[in-house]
Every structure is written in C-alpha cells, then in structure tokens.
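One-letter residues, chain by chain:
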Amino acid sequence: MKKVSRKSIAIAAVAIVTCAVLGLAAFILFHDDKLVYTPSVSTHELSTSDLAMRENTARIAFTLGPDVTGKSYDIKVYRTETEESAGVTFISINDGKKQKVVDDDGYSGYLWDVVSAIDDDGKPIIAVNMDYMSDDYFFVMYTIENGRLVRCGSEEAMLIKFNTDRSFIATYAVNFFGTWGARRTLNLTAGNRIQLEEGDYIINSGDDRKITPLVNVKAEIADAEGNYKDYTLKKGSKISIYATDGESYVLFTDEKGNKGRIKATFKDGFTYIGDKEDFELFSGIMYAG
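Calculation criteria
Here the residue index of a chain counts from 1 through its sequence in written order. Residues qualify for local features only when their pLDDT is at least 70, as the model is predicted, and side-chain atom pairs are given and counted only at 80 or more; totals for whole chains, interfaces and linings, by contrast, use all residues. The side-chain quantities take in all heavy atoms of the structure and omit both hydrogens and water. Labels follow the DSSP assignment, with helices taken as runs of H or I lasting at least four residues and strands as runs of E lasting at least two, numbered in each case from the N terminus. Under the scheme applied here, a residue whose accessible area is under 20% of the maximum for its type counts as buried, over 50% as exposed, and between as partly exposed, the area being computed with a 1.4 Å probe on protein chains only. Contacts are residue-level and defined by heavy atoms, with any inter-residue pair within 4.5 Å sufficient. Here the Shrake-Rupley method, with its probe set to 1.4 Å, supplies the accessible areas, and only the displayed protein chains count as covering residues. For two strands to count as paired, DSSP must find a minimum of two bridges between them. Each axis is a line fitted through C-alpha atoms, and for a helix only the stretch in contact is used; angles between axes span 0 to 180 degrees, taken between their N-to-C directions. Nonpolar cores are built from buried Ala, Val, Leu, Ile, Met, Phe, Trp, Tyr and Cys residues. Side-chain atoms within 4.5 Å join them into one set.

Chemist: Sorry, what's going on with the overall build of the chain here?
Modeler: For the chain, the count of helices and strands is three helices and 24 strands. Taking all 289 residues of the chain together, 41% fall into the buried category. Put simply, 44% of the contacts in the chain that link residues at least 6 apart link residues at least 24 apart. Roughly 16,800 Å² of accessible area belongs to the chain as shown, and the carbon and sulfur atoms make up 52% of that amount.

Put into structure tokens, the structure is as follows:
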C-alpha cells in the first residue's frame, strides 16, 4: 500500500476545514437573505376619530421592518396644536428627534395617510401624503440610514402606489387645457432622489371629459405607424383627452377611435392654441379654482 505523507494529510485537512467554513458562511448568508427582511408595502390610514380632527390633531403610528440590517423602527407621524407648532405635522423615528413634514418650499398641511415599504434591497422607505387644506396634495418621502431619517424630497402630488423596486405612481392636478387628475410614474434613485420617468401624464379614469370644438380646429391625427399628419377637428364633433405632457400638447381620441394630438402653449396661466385661448375654441373645458 502506498503511504500518504503527513504533508498531504495536512493539506487535505485544511481543504476540508476551508470548504466547511465557506459552506457555513454561504448557508448563513443565504438564510440571512431569506429571514432578515421581506420586501413589502403598507398603507397606514387615519382612524375615524383622527380623520374628523385632522385639522387640529392627528396621528399615525406603526412599526417598519425588519430591514436589511435586521432592525425595525417605530415610526410616528402626527399633527400638533401646541402654541409653538400649531398646524404643523411632524415625523419621528424611535421617539427620537422629530422633523417637520413640509414641502420643498417649507409649507405643511393636513396629514392624509402614510405609505411605508421595505424595498427589494431591504431598505426602508416612508412617504407621507399631505393635504394643503383644499384637496391639493403633496407627499414627502424619507428613507432611513444609520438609524436616522433622511428626507428624499417632495412632489405636489399624491402617491397612490409604491413598488418594492422603488418605482411608484403618483396622481397630479395638471392645469393645461383644463384641470385634470393625471398619473405619472416616478422612481426613487439609488441616491435617494425622486425622479420622474419619461412619458406623459395619463388622465385618470373617469376624469377624461369629452370636449367639443366650437369652430373647426387644426390638429394632428396618428396613422397606423404612429406618425402624425395634419387634421381638422370639425365643429360640433366630440373628442376625449386621455394624456398630456402638461406644457405643449394634449392627446385625444375621436368618436371613431382615432388617436390625435393638439399642440398648445401655456403662458401666464392660460392655454393657447395658436393665438386663441382653449375655452374660445372648445366647450367642456373646466379649470379648478
């Protein structure tokens, strides 16, 4: 029988131990990924009593986590009526230092609801929906880093759906060719900044009012390949606006299902088609306020 040297035995032993250690590490990491956090999204609403008192005091409290570090956080969002901070909404984490929930210009409002998430990477995210007091909304988004709240920014919109990949949908009040409730897709970047994705504002279902040309109006119609060509909207016909970029055009469908575009400009708070204001050319256009 061939003898095995002590050196060979030692090398084999080291290899076995190394494999065992690496396997254990892989096992731990694998199970950490599975057990430490679960990507999830929750919406936290005001209670009936708080909803009735939201102009004065209101409170939403919940626990968020565990995150990728295995930690959970007690979140409180509340509105106070104290003399020093009347009418201001605050947010705090683990009963620590509170922050004012305000838009990018420093304005606060009434607490509406809170959306919280653990994203696909195990990072915690919080969005506070606020009401400016006239059914005009904004939200403020936060994440948590090293146990501290980090403000990511705000948008004059209401966040209506958040996804664990950090994309989300918000609904805006778009004042262009009328006032429309419209949706846009956004995302929270790796640098924790709110970013609009490319695309149009899509008019909310039920808000796509039909409008009628009062005279023949120049427009464009799309062919089968999506290319636009000159088209005339006939006086008395009906079209339905379904999307807009909010500054230079609206998209419509006509009574036959054809899709088209009306080019327009926005100046000093008014929408113009050529040198005419929109309501001079169409009936059914409504602006809020």
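Chemist: Whenever I open this one, the sheet that holds strand 1 (residues 40-45) confuses me. Can you help?
Modeler: Taken together, five strands build an open sheet; the order of strands is 1-6-7-8-9 and the sheet is antiparallel. Of all the strands in the sheet, the pair left with one neighbour each is strand 1 and strand 9 (148-155). Along the sheet, successive strands turn relative to each other by an average axial angle of 20 degrees, direction set aside. Pairing between strand 1 and strand 6 (residues 110-118): six bridges, direction antiparallel. Following the sheet pairing, valine 41 is matched in strand 6 by alanine 117.

Chemist: Is there a simple way to think about the nonpolar core in this case?
Modeler: For soluble globular proteins, nonpolar side chains are generally found buried alongside one another. Of all hydrophobic cores here, the largest spans 38 residues; its most connected members are Met141, Phe168, Phe177, Ile241, Ile262 and Phe282. Setting aside anything within four residues of it in sequence, one finds phenylalanine 168 in contact with Phe139, Met141, Leu159, Lys161, Phe162, Asn163, Arg184, Thr185, Leu186, Asn187, Leu188 and Ile194. Membership of the second largest hydrophobic core comes to 23 residues, among which are Tyr37, Ile60, Val114 and Met130.

Chemist: Please explain the pairing of strand 18 (residues 239-244) as it appears in this structure.
Modeler: For a regular strand, the rule is simple: side chains alternate between the two faces of the sheet. Of all six residues that make up strand 18, five are buried, and the element is covered over most of its length. Two elements, strand 14 (residues 201-203) and strand 18, share two bridges in a ladder whose sense is antiparallel. What sits directly across from isoleucine 202, in strand 18, is alanine 243. Where strand 15 (residues 210-213) lies against strand 18, two bridges are found, and the strand directions are antiparallel. Counterpart to lysine 210 in the pairing with strand 18 is serine 240. Between the end of strand 18 and the start of strand 19 (residues 249-254), which pair antiparallel, lie four residues, with glycine 246 showing a positive phi angle near 80 degrees.

Honestly, it's all geometry; don't read function into it.
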